[in-house]
Amino acid sequence: MFVLSIQDPQNAGPAPQPQVDAYGQLSKLASTFHDVDGLFYFTYAVCIFFFVLILGVLLFSVVKYRRKTEDQPAASNVTHNTPLEVVWTVIPLIIVMVMFAWGYKGADQMVDVPKEAARNAYKAMAKQWSWTFTYPDGSVSYGDVWVEKDKPVQFYLQSSDVLHAFYVPSMRVKRDVIPGRMQTVWFQPTEEGIYHLFCAEYCGNDHSKMYARVHVVSSAEFKKRPWDDFDDSTPELAAKSGESLYSRNCAVCHSVDGTPLVGPSWKGLFVKGEGDTIVGAKRTVIEGGATKEITVDDAYVLESVRTPAQKLVATHPNGGMSSFGPELIDDRRVKAIVTYMKSLASK
Amino acid sequence: MTTNIPAIDQHAAPTGGSTNYLNNTSGFWSWASTLDHKRIGLMYLVGTTLAFLAGGLFALLVRVHLWEPDGMLFDNPTYNQVFTLHGAFMVFLFVIPAIPGSLGNMVLPLMLGAKDVALPRLNLLSFYLWLTGAVLATLAIILGGFDTGWTFYAPYSLYTQKAVVTIGLAVFVLGFSSIFTGLNFIVTVHKLRAPGLTWFRMPLFVWALYATSILQVLATPVLGITVLLVAFERLYQVGIFDPRLGGDPVLFEHFFWFYSHPAVYIMVLPAFGIISELVSVHSRKPLFGYKLIAFSSLAIAVISFLVWGHHMFTSGQSTFAMFAFSFLTFFVAIPTAIKEFSWVATIWKGSIALNAPMLYTLAFLIIFAIGGLTGVILGSLSVNIHMHDTYFVVAHFHYVMMGSIALAFFAGLHHWWPKMFGVMYDETIAKIACGIIFVGFNATFLPQFIMGSRGMPRRYATYVPDFQVFHQASTVGAVILGVGIALMVYCFVVSLFQGKKAMVNQWGGVTLDWLTPTPPPLENFHEAPVVTTEVYDYSTLDLSTTRTPIA
Ligand SMILES: [Cu+2]
Ligand SMILES: [Cu+2]
């Protein structure tokens, strides 16, 4: 399997197939940037032509005009030939100008982000040595990213430390990720599959392990949100999913060990009651200006998530939590968070 | 080109052929304080060769490590240091100074019919600055090494806890060594040409060194300032390149490549010069398109200042910048192509001697064709975006740096070795070594083109298994290459002790360097030469000198 340690493989799926195009030269093309391949093979053919020409003349000369006796003079002492020199200046010039124009056209297409791509904008956050992807709906995945086949997609690239580069060979895109700047790439994936995403700019110790996979899937598959590892089929799994939701969405403001952050710690939010029951703690809250006492329960947590300002914890009369609507965290997920909260309960 | 004065007896030194620059004085101090361009050239030769062997050792370690996808020898941070050492040693201590410092110093005044370079003391200072740079670079390894890559890209080079300031200082000092050599050569070419040696009678090696010198003087200061700024930034957090302090890492890239692209030509132009000489001498035929080659050196020197942005096509530069830099990059291809065609045309209908220097020259012509043509592939914008920072680029510039420049250097060494030491190496061994080097080189770097075009990024300590077979092929090639180079060095060293006496004019050259006694005396010419014939005119050659051993 994979030798690269993937930072946080959410869905450790199959490794990408070796990705080689039909001619065995380039990586397989899976985007609409065919100009790259067209120009590459054109240039390649021109190179082979000139190489064979040079090699041929050299070998021929070496065989034919080899010095056989020590005093053998040159067969010709010609020092220049203006028509020939003009020809070998002008012909290469014309050829390289074709390459130039063709290359520029292809690059321009890469720079010019179409509207459909801009409407399907992801964020790729690069830090030493991992990638974090944010989807247009705000959800997040690490180390793997899913995109829809045939749907143009744009990535905003940001770095939180040093230079990196976002490189997906099969999409023919590469863009440096520069701290302090917003960079962007776009492409339109045309073939389902799993593709390498490399960091192509040296970034320190584990540069070579800054690896991710791009999953191109059908829109039906995409709708299932395969990056979402949410599972609440058993209480244990639900608590685990809740924990991962917590660490991504809530941990910046809520600790679970009593440390005061922006919001109140979740330590002691639920406690162990008689036997093995788990009960909500008592809370003093301010609702509509009036102070009252409530017991923490599922409904209270849900309300705190959806409309945090409804009941403010008395210790935090100024609030400070923004609401999470069901498009970000739906009710089932909030329930999973509650399950996680309850799993923290102690005497 | 010959002279019309009898003092240049084509048959060796008139006054006691035994005293020459090697033995006219002796002792450590006579070398350490020498102002003789030939001795300084030899010291450069020893120094840069040692740097090359060190750099080569690092390269072998890199290749062996990459045998397995997980890496064989090092952890990632150590690997990063080793590849950085390889790059930094090869570029700053070997490829840039080697040809001008050793062969340039040795041959330039001879070719001009001069007693020495114009500023001999400055020449010695250049060497000592090189030595200081080498010591500082070694010190940087002892002080914890450096892992920035030879490119020192910010902001990583600002944050890493390694000896970046020390190596930066080394680069700064080496830069001055290079600038002084350039100044010296420019003045020498302008002031010390023998009577009758007009600009268009100058051998092309001189033209090439002249163009190189202009680049060295104009471009190197920018590198010096850039590494100083990196050092300041590290020491005092000024905020020039560090985005956290309001600096701009892309600015660093501009500065760096403003030097380092011309630096490519600082490295390659002298190699072109050597090849121009050798192609002519060993085909015994005037160079085809002499003026065009001379002018194309200058054209390359000028255009090379305007293409640095082609190293930054993926950095998010404006489409206008992409347009301009790509356009100009293709323009460099033309003078380069002209040179290659002219060399091939020179060989055509020549009298081709398949001796060791010529074999290296032929190897150069083949390898440089590949290096140059793959450069055209990289110049195309959209293809560049795919290839940038992959092994394709690595392979391309090794075809130029190692395959072309180092091979031209080896060719030149084999060519001027009998001139420098008055002895000949064993040509059979030399030819075998050349063959091994040629095979090993291509085996090392051809697979890198393939894996690069399939997306293998450079500077990777570990890699996805897709690429393993290419890495292994490349490693095998590197070992073969290493064996070839070891054999070549052995062949040279043995010749110093057991070599046969060289001929008075070993290869039948007609430029002034072949018309001094071998090895040359302290001030090169017993009597100042006067040039009356055109350059590379083999009708004046006294063929018996190629069969008469030196006295
Ligand atoms: Cu990286
Ligand atoms: Cu360049």
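(A) View of the coordination of the copper ion (ligand 2). Residues and elements named next belong to chain B. Coordination of the copper ion (ligand 2) by the protein comes from H261 (ND1), H310 (NE2) and H311 (NE2), over a distance range of 1.6 to 2.0 Å. Mapping the donors of the copper ion (ligand 2) onto the primary sequence yields the spacing H-x48-H-H. With H261 in helix α8 (residues 249-283) and H311 in the loop between α9 (290-303) and α10 (319-347), the pair connects residues that are 50 residues apart, well separated along the chain. Side by side, H261 and H311 carry an identical accessibility label, which is buried.

(B) Spatial organisation of the interface of chain A and chain B. In this assembly, 88 residues from chain A lie in contact with 93 residues from chain B. Its largest share of buried area at the contact with chain B, chain A owes to R67, W88 and Y202 of chain A, together 10% of the area lost on that side. On inspection of chain A and its partner chain B, the count reaches 2 salt bridges. With a closest N to O distance of 2.9 Å, R181 of chain A and D248 of chain B form a salt bridge. In this assembly, chain A and chain B are joined by 28 residue pairs in polar contact (both at pLDDT 80 or more). At the level of secondary structure, the elements contributing two or more residues to the side of chain A that touches chain B comprise α1 (34-64), α2 (82-111), β7 (173-177) and β9 (193-199) of chain A. Of the residues assigned to the side of chain A that touches chain B, the class counts are 48 nonpolar, 25 polar and 15 charged.

(C) The coordination of the copper ion (ligand 1), seen in detail. All names here are of chain A. Taken together, the protein ligands of the copper ion (ligand 1) are C199 (SG), E201 (O), C203 (SG) and H207 (ND1), with distances of 2.1 to 2.6 Å. For the copper ion (ligand 1), the 4 donor atoms are set out with angles of 86 to 130° between them, so the coordination reads as tetrahedral. For the copper ion (ligand 1), the single-chain donor residues occur in sequence as C-x1-E-x1-C-x3-H. Judged by its relative accessible area of 0%, C203 falls in the buried class.

(D) Representation of the pairing of strand β13 (residues 282-287) of chain A within the structure. Residue and element names in this part refer to chain A. Only one face of β13 is buried: it carries R283, V285 and E287, and the other face, with K282, T284 and I286, is open. Examined bridge by bridge, β13 and strand β14 (residues 290-295) share 6 bridges and lie antiparallel to one another. Bridge assignment links E287 to a residue of β14, and that residue is A290. Remark: 2 residues form the turn of the hairpin made by β13 and β14, two consecutive strands paired antiparallel; G288 in that turn has positive phi of roughly 55°. Inspection of the sheet shows β13 paired to strand β15 (residues 312-313) by 2 bridges, in the antiparallel sense. Among the inter-strand pairings, V285 is bridged to a residue of β15, identified as V313.

(E) Highlighting the pattern of salt bridges. Residues and elements named next belong to chain A. Scanning the entire structure with this criterion turns up 23 salt bridges over all chains. The partner of K28 in a salt bridge is E191, and the shortest N-O contact between them spans 3.3 Å. One end of the pair, K28, is in the segment before α1; the other, E191, is in the loop between β8 (183-187) and β9, and 163 residues separate them in sequence. Linking D144 and R213 is a salt bridge whose minimum nitrogen-to-oxygen distance equals 3.0 Å. Here the residue D144 occupies a position in strand β4 (residues 144-148), and R213 occupies one in strand β10 (residues 211-217), the gap between them amounting to 69 residues. Given the relative accessible area of 0%, D144 is considered buried.

(F) Inspection of the sheet that holds strand β1 (residues 121-127) of chain A at higher detail. Residue and element names in this part refer to chain A. Here 5 strands make up an open sheet; going across it, the order is β3-β2-β1-β5-β8 and the pairing mixed. Only two strands of the sheet have a single neighbouring strand rather than two, namely β3 (140-142) and β8. Within this sheet the neighbouring strands show an average axis-to-axis angle of 25°, counted without direction. Bridge count for β1 against strand β2 (residues 130-134) is 5 bridges, and the pairing is antiparallel. The partner of K123 across the bridge, within β2, is T134.

(G) Examining the packing of α8 of chain B against helix α13 (residues 391-421) of chain B more closely. Residue and element names in this part refer to chain B. Two elements in contact, α8 and α13, have axes separated by 9 Å at closest approach and are oriented at 45°. Overall, the two elements α8 and α13 adopt an arrangement that is oblique. Regarding α8 and α13, the two cross each other, and that crossing is left-handed. Across the interface between the two elements, V264, M267, V268, A271, I274, I275, E277, L278, V281 and H282 of α8 pack against V400, M401, I405, A408, F409, A411, G412, H415 and W416 of α13. Per-class residue counts for the contact of α8 with α13 are 15 nonpolar, 3 polar and 1 charged.

(H) Up close: a positive patch on the surface. Together, K64, R66 and K68 of chain A together with K349 and K431 of chain B make up a positively charged patch on the protein surface. In this structure, K68 of chain A sits in the loop between α1 and α2.

(I) Representation of the pairing of β2 of chain A within the structure. Residue and element names in this part refer to chain A. In terms of residue burial, β2 counts as a mostly covered element, since 4 of its 5 residues are buried. Between the antiparallel neighbours β1 and β2 lie 2 residues. Relative to β3, β2 is paired through 3 bridges, and the arrangement is antiparallel. Considered in β3, the bridge of F133 is made with S141. In this antiparallel pair of consecutive strands, β2 and β3, the connection spans 5 residues, and G138 shows a positive phi of 95°.

(J) Spatial organisation of the state of the cysteines. Residues and elements named next belong to chain A. Scanning the model with the defined rule gives 0 disulfides over all chains in all. Here C253 stays unpaired: no disulfide links it, and the sulfur of C250, its closest cysteine neighbor, is 8.6 Å away. Exposure remark for C253: the relative accessible area of 26% places this residue in the partly exposed category.

(K) Layout of a nonpolar patch on the surface. Residues and elements named next belong to chain B. A surface patch of nonpolar side chains, amounting to about 480 Å² of accessible area, comprises L228, F232, L235, Y236 and V238. Note that L235 resides in helix α7 (residues 204-236). Classification of L235 by relative accessible area gives partly exposed; the value is 48%.

(L) Looking closely at the sheet that holds β14 of chain A. Judged by pairing direction, the sheet is antiparallel, and its 3 strands sit side by side in the order β14-β13-β15 (chain A) without closing on themselves. Taken across any chain shown, the strands that pair with only one partner, and hence form the sheet edges, are β14 and β15 of chain A.

(M) Representation of the packing of aromatic side chains within the structure. Taken as a whole and judged by the stated rule, the model has 78 aromatic pairs over all chains. Measuring from centroid to centroid gives 5.3 Å for F49 of chain A and F50 of chain A, while their planes differ by 80°, and the two rings are edge-to-face. Given a relative accessible area of 13%, F50 of chain A falls into the buried group. Aromatic side chains Y79 of chain B and F83 of chain B sit 5.7 Å apart centroid to centroid with 50° between the ring planes, which places their arrangement in the tilted category.

(N) Up close: the confidence of the model for chain A. Residue and element names in this part refer to chain A. Within chain A, residue pLDDT values average 88, and 94% of them lie at 70 or more. Element-level mean pLDDT values for chain A span from 82 in β3 up to 96 in strand β6 (residues 164-168). In the predicted structure, residues 1-13 sits below a pLDDT of 50 and forms 39 contacts with residues beyond four places in sequence or in another chain.

(O) The arrangement of α13 of chain B in detail. Residues and elements named next belong to chain B. The largest bend along α13 measures about 40° and falls at H415, with the proline P418 one to four residues further on. Counting buried residues along α13, 30 of its 31 residues qualify, which places the element largely inside the surrounding structure. Directly after α13, the chain includes G422, whose backbone phi takes a positive value near 70°.

About the cut-offs
- Residues numbered from 1 in each chain as written.
- Chains lettered and ligands numbered in written order.
- Predicted model: local features only at pLDDT ≥ 70, side-chain atom pairs only at ≥ 80, totals over all residues.
- Heavy atoms only, no water.
- Donors = N, O, S within 2.8 Å, 3.2 Å for Na, K, Ca; no water.
- Helix = DSSP H or I, 4+ residues; strand = E, 2+ residues; numbered from the N terminus.
- Buried < 20%, exposed > 50% of the residue type's maximum accessible area, 1.4 Å probe, protein only.
- Contact = heavy atoms within 4.5 Å.
- Buried area = accessible area lost by both parts, 1.4 Å probe.
- Salt bridge = Lys/Arg side-chain N within 4 Å of Asp/Glu carboxyl O.
- Polar contact = N/O pair within 3.5 Å; in protein donor to acceptor, adjacent residues only side chain to side chain.
- Nonpolar A, V, L, I, M, F, W, Y, C, P; charged D, E, K, R; others polar.
- Tetrahedral: all angles 85-135°; square planar, octahedral: opposite > 155°, others 65-115°.
- Pairing = 2+ DSSP bridges.
- Axes fitted to C-alpha atoms, helices over the stretch in contact; angles between N-to-C directions.
- Parallel < 35°, antiparallel > 145°, perpendicular 65-115°, else oblique.
- Left-handed = near helix turned anticlockwise from the far one by under 90°.
- Patch = residues over 30% accessible without salt bridge, like charges linked within 9 Å, V, L, I, M, F, W, Y side chains within 5 Å.
- Areas by Shrake-Rupley, 256 points an atom, 1.4 Å probe, with all protein chains shown as cover.
- Lys, Arg positive; Asp, Glu negative; His and termini not counted.
- Charge placed at Lys NZ, Arg CZ, Asp CG, Glu CD.
- Disulfide = S-S within 2.5 Å.
- Phe/Tyr/Trp six-rings, centres within 6.5 Å; stacked < 30°, edge-to-face > 60°.
- pLDDT = per-residue confidence, 0-100.
- Bend = angle between axes of the 7 residues up to and from the residue.

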